[in-house]
Amino acid sequence: LADFPLAEIRLYDIDEARQNTIAPVVEKVIRDHSQSIKFTVTTCPETAFSGAHFVFAQMRVGQYKMREQDEKIPLRHGVVGQETCGPGGLAYGLRTILPMAELIDLVERYADPKAWIVNYSNPAAIVAKATFRLRPKARILNICDMPVAIERNMAEILECDRHDLEVDYFGLNHFGWFTKVRLNGEDVTEKLKSYVAEHGYMPQNAKSDVLHSDPSWLHTYANAKNICSAFHDYLPNTYMQYYLLGDEVVKSSDPNHTRANEVMEGREKRIFDAVADYRAGKDVDLTKFFGGVHGEFIVDVAMSLAFDLRKRYLVMVENNGAVENLPSDAMVEIPAYITDRGPEPVRVGEIPTFYKGLIEQQEAVEKLIVDAAVEHSYEKALMAFTLSKTVPSLLVAKKILDDMIVANKAYWPELH
Ligand code: G6P
Ligand code: MN
């Protein structure tokens, strides 16, 4: 708080009951740090955004119940079931594109004209693509904590502080590679590559981390070894398992109990139980919910925007030549210096054929799903589902899409 002084924090949600459940605990956390910060809880966008300087956004359209559908419907057809990758991510994208545009409009109507939206809403790759297309002038910066979480594991492997690492990276969100890792300037890429080829991103003496310590996440971190031991150029983002090891991922998934169930029965329940204890007057250790790099990272990015710190972070930006041989309108995830005018991306140069081919395919999938939302086009949606590397054929794509139309009736734009 000394580094990032705040006058007021507002919580805004359209789900009033959920918000009212959480709010007293948030207030306690704030009060533990400061008596003077004003705290407001609201479901009114005008109250939420008037005069705001920063909007930290994370919406989950359809909540965990729909995440469960995104994961289970593809698995019923033998295809990867994941909230942001493959058909699940496309379904989530179709739910989120238009509400994100609405959110931008509300912020533009009420907030300070220089306000930044720092956005974690998933599926971030599709959200970034859609917001740039629909609201090209919006002051929104789309970010993801996965690379930072991987860097945290790299730091544990190297027994150093993650803040002392600097990385080179290219890709789309949840679809990319670390090309260099430096520890206080020293190149440690080869060292990490040989470690990851053997153990994945599993440190030997992992400190516990609340967000990513469930068995499914440990499997994900470990799985990087199967990619790294085959392709030796770079260090993959963990999400590459869904595209390069899809059959293995399907085999190790339970179609009746997916990550959404794990979250609802695990993290979400633990939080709600703690909230209930707190409200019943019991002593609760709230600090045990502060795990993960998610919260730290969004504040770091906001501080660099606020104070022109020019810190180097991975963010989503329009490619615009940064990766020379990718489309200039692709929304790439690459390092950028974060200034008070926004991100200044680094130049990545040309990337090799294998990575270019994979990224172009995925980028086209994301473009097609945004087209489908904007044009209400069934055929474009079917093209997106068919083109996804996770889907074996047009026939399977059509079955999944048709099931998803039924499940998403309350959320999707109508497709014709
Ligand atoms: C990572 C990703 C986020 C994603 C989260 C899901 O942090 O970067 O985009 O939302 O994992 O984690 P969960 O524990 O809900 O499966
Ligand atoms: Mn992410």
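Conventions and cut-offs
- Residues numbered from 1 in each chain as written.
- Chains lettered and ligands numbered in written order.
- Predicted model: local features only at pLDDT ≥ 70, side-chain atom pairs only at ≥ 80, totals over all residues.
- Heavy atoms only, no water.
- Helix = DSSP H or I, 4+ residues; strand = E, 2+ residues; numbered from the N terminus.
- Rg over C-alpha atoms; globule rule 2.2 N^0.38 Å.
- Buried < 20%, exposed > 50% of the residue type's maximum accessible area, 1.4 Å probe, protein only.
- Areas by Shrake-Rupley, 256 points an atom, 1.4 Å probe, with all protein chains shown as cover.
- Lys, Arg positive; Asp, Glu negative; His and termini not counted.
- Charge placed at Lys NZ, Arg CZ, Asp CG, Glu CD.
- 1 Å grid on protein atoms, 1.4 Å probe; cavity = no way out; pocket = protein on both sides within 12 Å on 5 of 7 lines; lining within 4 Å.
- Points joined across faces, edges and corners; volume = space filled by probe spheres on them.
- Nonpolar A, V, L, I, M, F, W, Y, C, P; charged D, E, K, R; others polar.
- Contact = heavy atoms within 4.5 Å.

Engineer: Any chance you could explain the overall build of the protein here in plain terms?
Structural biologist: Helix and strand content of the protein: 16 helices and twelve strands. The globule rule puts the C-alpha radius of gyration for 416 residues at 22 Å, and the 21 Å found for the protein is close to it. With the C-alpha coordinates of the protein rotated into their principal frame, the extents come out at 55 × 55 × 40 Å. The burial tally for the protein puts 52% of its 416 residues in the buried class. When the accessible surface of the protein is totalled, it reaches about 18,700 Å², and 51% of it is carbon and sulfur. Averaging the coordinates of the 46 positive side-chain charges in the protein and doing the same for the 60 negative ones gives two points 2 Å apart.

Engineer: Whenever I open this one, empty space enclosed by the protein confuses me. Can you help?
Structural biologist: Where empty space is left becomes clear once a probe the size of a water molecule has been rolled over the atoms. Enumeration according to the criterion identifies two cavities of 30 Å³ or more in this entry. The calculated volume of the largest cavity comes to roughly 70 Å³. The wall of the largest cavity is formed by T84, P123, A124, A125, I126, N173, H174, F175, Y243, Q362 and E366. At three residues, helix 5 (residues 124-134) tops the list of elements feeding residues into the lining of the largest cavity. In the lining of the largest cavity, the residues fall into six nonpolar, four polar and one charged. In this model, the second largest cavity occupies a volume close to 40 Å³. As for the second largest cavity, its lining consists of T84, C85, G86, L90, I126, Y243, Q362, V365 and S388. Where the lining of the second largest cavity is concerned, the elements lending two or more residues are helix 4 (86-110) and helix 14 (353-375).

Engineer: Just to check I follow, could you spell out the environment of N408 for this structure?
Structural biologist: Mapped onto the elements, N408 comes out in the segment after helix 16 (394-407). For N408, a relative accessible area of 1% puts it in the buried group. For the pair N408 and Y92, spaced 316 residues apart in the sequence, the C-alpha separation amounts to 9.1 Å. Discounting chain neighbours no more than four positions away, the residues touching N408 are M66, A91 and R95.

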